[in-house]
Amino acid sequence: MVDVPENFSMNPEQLAQMQNQQPNPLSKYLRQPQIYVKLPSAGKYWYPGTLEMPVSGELPVLPMSTRDEIMLNTPDALLNGEAVVTMIQSCIPNIRNAWALPSVDLDTVLIAIRIASYGEKMEYTSTCPECENSDNYEIDLRQFLDMPVNLSGYENAFEYKGVNVSLKPLDYNSVNQQNLEQFEQQRLITMVNDTTIDEATKQARFQEIFKILTEYTVKNVTGSIEKLTTPEGVTVMDQNHIQEFVENSERIFFKTLKDKLTEIKDSFPAKTVHTTCDSCQHEYTTPFTFDQANFFEFAS
Ligand SMILES: [Zn+2]
C-alpha cells in the first residue's frame, strides 16, 4: 500500500461536489475543454485519489476562469502556491489534488493551461549574443508538449549498505516548500547583514531559521524516496519509517541521493528556443524556463 500523506485526501467541498448530482442548466455555456494533454508521468507517482486518469490517458484542459486569473494576479497567493493549485484543479478537473502533482508533470500542465487559455503562440523577448539587438519573437508552445521524459532512472536508483533505494519526483507540495526554503535563506542573509539587530537576538533568530531549514531539507530528501528495499527483501514505503532512516543515515547517503537526482534531471530533454536575430540574422539557442509568475504575465 502507498502511504497517503494527510492533506492529500478529499476535502469536504470536493465530497459535496461529488454528491451533488443536480445538472446545471447553464453547463453547456460553461468552459469547454480546448485541448487534451498526456502527462509525462502517465499517472505514476500520483497518490491514490489525487488523479482521475481517463482510459485514453489524455486529460481535458479547460481555459482559465475569471476567478483563476484574479487569483493569479495576487502576489502572495503565488508565493504560497495556493493560487497555482486552485488554477490547476479548476482547469484540469481530472486532477483532484494538485499538491500531489509530481514535478515532472508541472511544466506540461502549465503549458497546457496556457495554450487552452490564450492559444498556442506566446511572445518572448530575446537578446542576440552577437549584436545585442533585443527583439520580440513568437514561439509555438505545442513543441514543449509530448516531450519524452525517461523516468527509468528513479527506479532502483542506488544502493546504500545493501538497501536498494528507489526515488521519485517531488510532489508540488514539496516543490512549493523548496521555494519557501529559498525565501527563508534570503531572510537569513538579510538578518545577518542587519546592523540594527543585536547579537543575542541574531543568535536566537538564526537558530530558529536554521531549524526550519533543516526540517525542509529532511522533508525534501524523504519526499524524493519512493521506497527502500532491504537485503532481506522487505519493502518500506511508510513515510515515517523513511524519515527516521534519512535523519539517521550518514552524510554519504544524502550526497549520493542528491547527485542521483541531479543526474536524472539532466537526462530530461531541455526546453530550448531557437531564434534567428532580426537584425544580424545570427542563429542562436537559449534555454526556455517556465516561471509561474512571468509565464502568465505574458498573457495579459
Ligand atoms: Zn543579432
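In every chain, residue numbers begin from 1 and rise along the written sequence. The predicted nature of this model means local features are confined to residues of pLDDT at least 70 and side-chain atom pairs, given and counted, to a pLDDT of 80 or more, with totals for whole chains, interfaces and linings taken over all residues. Derived side-chain values reflect all non-hydrogen atoms in the structure, with water molecules and hydrogen atoms excluded from consideration.

**A short note on the sheet that holds strand E6 (residues 163–167)**
Put simply, the rule is: The pairing criterion for strands is at least two bridges between them, as found by DSSP. Secondary structure elements are taken from DSSP: a helix is a run of H or I of four residues or more, a strand is a run of E of two residues or more, and numbering for both begins at the N terminus. Residue contacts are counted whenever heavy atoms from the two residues lie within 4.5 Å of one another. All axes are obtained by fitting lines to C-alpha atoms, using only the stretch in contact for helices, and the reported angles, taken between N-to-C directions, cover 0 to 180 degrees.
Within the open sheet, the 4 strands sit side by side as E5-E6-E7-E8. Their pairing is antiparallel. Looking at strand neighbours, the two that pair on one side only are strand E5 (158–160) and strand E8 (235–236), the edges of this open sheet. For strand E7 (residues 225–229) and E8, the ladder comprises 2 bridges, and the chain directions are antiparallel. Within E8, the residue paired with Thr229 across the bridge is Thr235. Set on the sheet, helix H9 (residues 251–266) makes contact with E5, E6 and E7; between it and E5 the angle comes to about 175 degrees.

**Points about the side chain of Ser224**
Rule in force here: Categorising residues by exposure relies on relative accessible area from a 1.4 Å probe, with only protein chains included: less than 20% of the type maximum marks a residue as buried, more than 50% marks it as exposed, and the intermediate range marks it as partly exposed. Identification of polar contacts relies on pairs of N or O atoms within 3.5 Å, with a donor-acceptor requirement for protein atoms, meaning one able to donate a hydrogen and the other able to accept it, and with residues adjacent in sequence counted only if both atoms are side-chain atoms.
Relative to the elements of secondary structure, Ser224 occurs in the loop between helix H7 (199–223) and E7. Taking the relative accessible area as the measure of exposure, Ser224 reaches 3% and is therefore buried. Among the polar contacts made by the side chain of Ser224, one reaches the main-chain carbonyl oxygen of Asn220 at a distance of 2.8 Å. Those residues within four positions of Ser224 in sequence are excluded, and the remaining contacts are Ser166, Leu167, Lys168, Leu170, Leu257 and Leu261.

**Observations concerning the pattern of salt bridges**
As a reminder, the rule being used: What counts as a salt bridge is simple: a side-chain nitrogen of Lys or Arg found within 4 Å of a carboxyl oxygen of Asp or Glu.
Inspection of the entire model under this criterion finds 12 salt bridges. Taking the shortest distance from any N to any O, the salt bridge between Glu52 and Arg96 comes out at 2.4 Å. Here Glu52, found in the loop between strand E1 (35–37) and strand E2 (59–61), pairs with Arg96, found in the loop between helix H4 (82–91) and helix H5 (103–118); they are 44 residues apart in sequence, far enough to count as distant. Of the residues examined, Arg96 reaches a relative accessible area of 26% and is grouped as partly exposed. Taking the shortest distance from any N to any O, the salt bridge between Lys161 and Glu250 comes out at 2.6 Å. Placement of Lys161 in the loop between E5 and E6 and of Glu250 in the loop between helix H8 (239–248) and H9 is noted, with a sequence separation of 89 residues between them. Overlapping salt bridges bring together Glu120, Lys121, Asp140 and Arg142 as one network.

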